[in-house]
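Chain residues, written in single-letter form:
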Amino acid sequence: MSLNNNLERILIIDFGSQFTQLIARRVRELGVFSEIVSHKRFNLKLGKNKTKGIILSGGPLNVYQSKKVKFNNEIFNWNVPILGICFGHQIISKQLGGKVKQAKQREFGLAKLKKLRNSKLINNFFIKDKAKKVWMSHADEVIKLAKGFKVVAKTDSSKFSIIENVSKKLYGIQFHPEVTHTEKGNIILKNFIFSICRIKKNWSSKNQKKILIQEVKRNVGNSKVICALSGGVDSSVVAKLIHNSIGKKLTCIFVNTGLLRKNEENQVIQTFKKKFKVNLIYVDAKKLFFNKLRNIKDPEKKRKIIGNLFIKIFEKYAKKNRNIKFLAQGTLYPDLIESKSVTGSQTSKIKSHHNVGGLPKKMKLKLIEPLKFLFKDEVRKLGLELKLSKNIVLRHPFPGPGLAIRIPGEIDENKVKILKEADDIFIKSLKENNLYKKIWQAYAALLPIKTVGVMGDNRTYEYICLLRAVTSQDGMTADFFDFSKDFMQLVSNRIINNIKGINRVVYDITSKPPSTIELE
């Protein structure tokens, strides 16, 4: 989120955590503006007068790697409350005279947190002083407290899980209150923001809409923009946002890759060209994409091929219109943090999203990504503010590379045809049984494995269809949806009885982490 000098804020200093933007999002959910800045680029003049509190994020570094960690102790003199989370907790201790070293026993996953003393930070967090489940993710630990600090809570493996120095307004937490795995973790952030920082609510989705529209106008100027429109939630919101900003200077291009859901192309044209009267160009590129993806097995190569092809198509159109300088796309924050670091900090790369790490290094068009600091549910709220219909806004996420990453290994037109039908049956069954809105994302995938089956006393040798459905708030963490046996049996029978090429259906019961939501 770009700096807005008119708003009081919580400043978040990023040390490369996968969850940094999740912290910012939690702060915004509480109705307070937040700003993220990399520890590498932190400027002491950055909004000091409007900063009412500072949060130091987690990260993959070790605090004793002094050459890689840049930290300016001057922020301790700002006289504003500081909360360190995980790595942030450790660096506060180290900078002020405590000791941190590699833990004898690492903590990854849920741990039981026990209260030792009262604190403003944990008001209403513990119920009757019972232990709380919190999400740990660390291999280092504080072994000696800095002068003036007291212990508020501990786990069996981490005796300094929550610490505080009230007189200096410094607080440290070894676990991650920002993730949903931590029970009522939001209460800790709420206590820090309102009880300790004493900041007033100043943020809403309406603020967000106004700022984003202003940013688009300022960045684009008199130039024209191409929008990569897929018909999904993200690109639809981007298209409407930019249309509201610059009107007829926007042209949407819808590329049919052949990797879309069943009848997707007809729905997109009907919605945007006929209903919203948006300038829309339809490009049938099925043969091009299938030819380029032939014999490609590696998922990273698939994503890069798809990303490159999209750009070539957009640049080809831009050549015909000299004043087109920008390409708009619906990149979200989870796409960025799985592909690369947003702030320049040392985040770990998980996979290259086709519209981030999959893009060519040299592009003639400049990217404009208004949603790149937002999560899916924030995008949905923004879509409703922009008066998009709920049918569009509440759709399940669909990846830019489409069905290419739901068919592990090589893809071809026959596999895609089979998968389209299976996915259509699954989604329709969810809607018929009033389950669709209870689920964050659901899809069918076609595994590159054939197994023996028996149908009508005859042997079959066909593919396995994998079904996946998850619940989530933001896509950063997710759990599988617990279907009834009757529903699973219904879907399995429909798929096997109606689709030639599938003789076995399985259900994925893995959470994120350790898996990702998509297969590739």
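Scroll up a little and you will see the structure.
For the rest of this paragraph, the subject is the overall build of the chain. For the chain, the helix and strand inventory stands at 13 helices and 18 strands. In terms of C-alpha radius of gyration, the chain reaches 25 Å, essentially the compact-globule figure of 24 Å for 520 residues. Put simply, the chain shows about 24,100 Å² of open surface, and 47% of that area lies on carbon and sulfur atoms. In the chain, 99 positive and 43 negative side-chain charges are present, and the distance between their average locations comes to 7 Å.

Looking now at helix H10 (residues 376-385). Across the ten residues of H10, seven count as buried, placing the element largely inside the fold. If you check which residues of H10 are buried, you get Lys-376, Asp-377, Glu-378, Val-379, Arg-380, Leu-382 and Gly-383. Taken together, the buried residues of H10 touch helix H1 (20-29), helix H4 (205-220), helix H5 (233-246) and helix H11 (390-393). Just downstream of H10, Lys-387 is the residue with a positive phi angle, here 70 degrees.

Mapped onto the elements of the fold, Ser-93 is located in helix H2 (residues 87-95). In this structure, Ser-93 is in contact with Gly-98, Val-142, Ala-146 and Ile-163, ignoring residues within four places of it in sequence.

It is worth spelling out the environment of Asp-474 at this point. Residue position: Asp-474 is located in the loop between strand E16 (458-471) and strand E17 (479-480). As for Asp-474 and Phe-175, which are separated by 299 residues in sequence, their C-alpha atoms are 19 Å apart. Setting aside its immediate chain neighbours within four residues, Asp-474 contacts Leu-22, Arg-25, Arg-26, Pro-334, Phe-375 and Trp-440.

As a working rule, side chains carrying opposite charge can pair if their charged atoms are close by. Using the criterion set out here, one finds 19 salt bridges in the structure. Glu-8 is the salt-bridge partner of Lys-52, the closest N and O atoms lying 3.7 Å from each other. With a gap of 44 residues between them, Lys-52 in strand E3 (residues 51-56) and Glu-8 in the segment before strand E1 (9-14) connect regions that are remote in the sequence. Of the charged contacts, one joins Lys-262 and Asp-424 as a salt bridge, the two residues approaching to 3.8 Å between their closest N and O atoms. Taken as a pair, Lys-262 in the loop between strand E11 (250-256) and helix H6 (264-275) and Asp-424 in helix H12 (residues 413-432) lie far apart in primary sequence, 162 residues in all. Judged by relative accessible area, which is 29%, Lys-262 ranks as partly exposed. Judged by its relative accessible area of 16%, Asp-424 is buried.

Okay, the nonpolar core next. Counting residues in hydrophobic clusters, the biggest one holds 84 residues, and the most contacted among them are Phe-314, Phe-426, Leu-430, Leu-467, Phe-483, Ile-495 and Ile-502. Broken down by element, the residue count for this core peaks at eight residues, all from H12. Beyond its immediate chain neighbours, meaning those up to four positions away, Ile-495 contacts Ala-422, Ile-425, Cys-465, Leu-467, Ile-502 and Val-505.

Glancing now at the packing of aromatic side chains. Scanning the entire structure with this criterion turns up 13 aromatic pairs. Note on Phe-15 and Phe-87: the rings are 5.0 Å apart at their centroids and 50 degrees apart in plane angle, and the pair reads as tilted. Here Phe-15, found in the loop between E1 and H1, pairs with Phe-87, found in helix H2; they are 72 residues apart in sequence, far enough to count as distant. Note on Phe-15: relative accessible area 0%, which makes it buried. Taking relative accessible area as the criterion, Phe-87 reaches 1% and is therefore assigned buried. Each member of the aromatic cluster is reached from another via a ring pair, and the members are Phe-426, Phe-481, Phe-483, Phe-487 and Tyr-507. The side chain of Arg-25 reaches across the aromatic face of Phe-375, ending 5.4 Å from its centre.

Moving on: the pairing of strand E10 (residues 224-228). Sheet faces and side chains relate simply in a regular strand, where the side chains alternate between the two faces. Judged by how many residues are buried, E10 sits mostly within the fold: four of five residues are covered. Of the pairings in the sheet, the one linking E10 to strand E13 (residues 324-328) comprises four bridges and is parallel in character. The residue bridging Lys-224 from the neighbouring strand is Ile-324, located in E13. The sheet contact formed by E10 and E11 spans four bridges and is parallel. Each bridged residue has a counterpart across the sheet, and for Ala-228 the counterpart in E11 is Ile-253. With H5 bridging E10 and the parallel E11, this β-α-β connection has right-handed handedness.

What counts and what doesn't
Residues numbered from 1 in each chain as written. Predicted model: local features only at pLDDT ≥ 70, side-chain atom pairs only at ≥ 80, totals over all residues. Heavy atoms only, no water. Helix = DSSP H or I, 4+ residues; strand = E, 2+ residues; numbered from the N terminus. Rg over C-alpha atoms; globule rule 2.2 N^0.38 Å. Areas by Shrake-Rupley, 256 points an atom, 1.4 Å probe, with all protein chains shown as cover. Lys, Arg positive; Asp, Glu negative; His and termini not counted. Charge placed at Lys NZ, Arg CZ, Asp CG, Glu CD. Buried < 20%, exposed > 50% of the residue type's maximum accessible area, 1.4 Å probe, protein only. Contact = heavy atoms within 4.5 Å. Salt bridge = Lys/Arg side-chain N within 4 Å of Asp/Glu carboxyl O. Core = buried A, V, L, I, M, F, W, Y, C linked by side-chain atoms within 4.5 Å. Phe/Tyr/Trp six-rings, centres within 6.5 Å; stacked < 30°, edge-to-face > 60°. Lys NZ or Arg CZ within 6 Å of the ring centre and 35° of its normal. Pairing = 2+ DSSP bridges. Right-handed = clockwise from strand over helix to strand, strands pointing away.

Shape is all these values report; function is a separate question.
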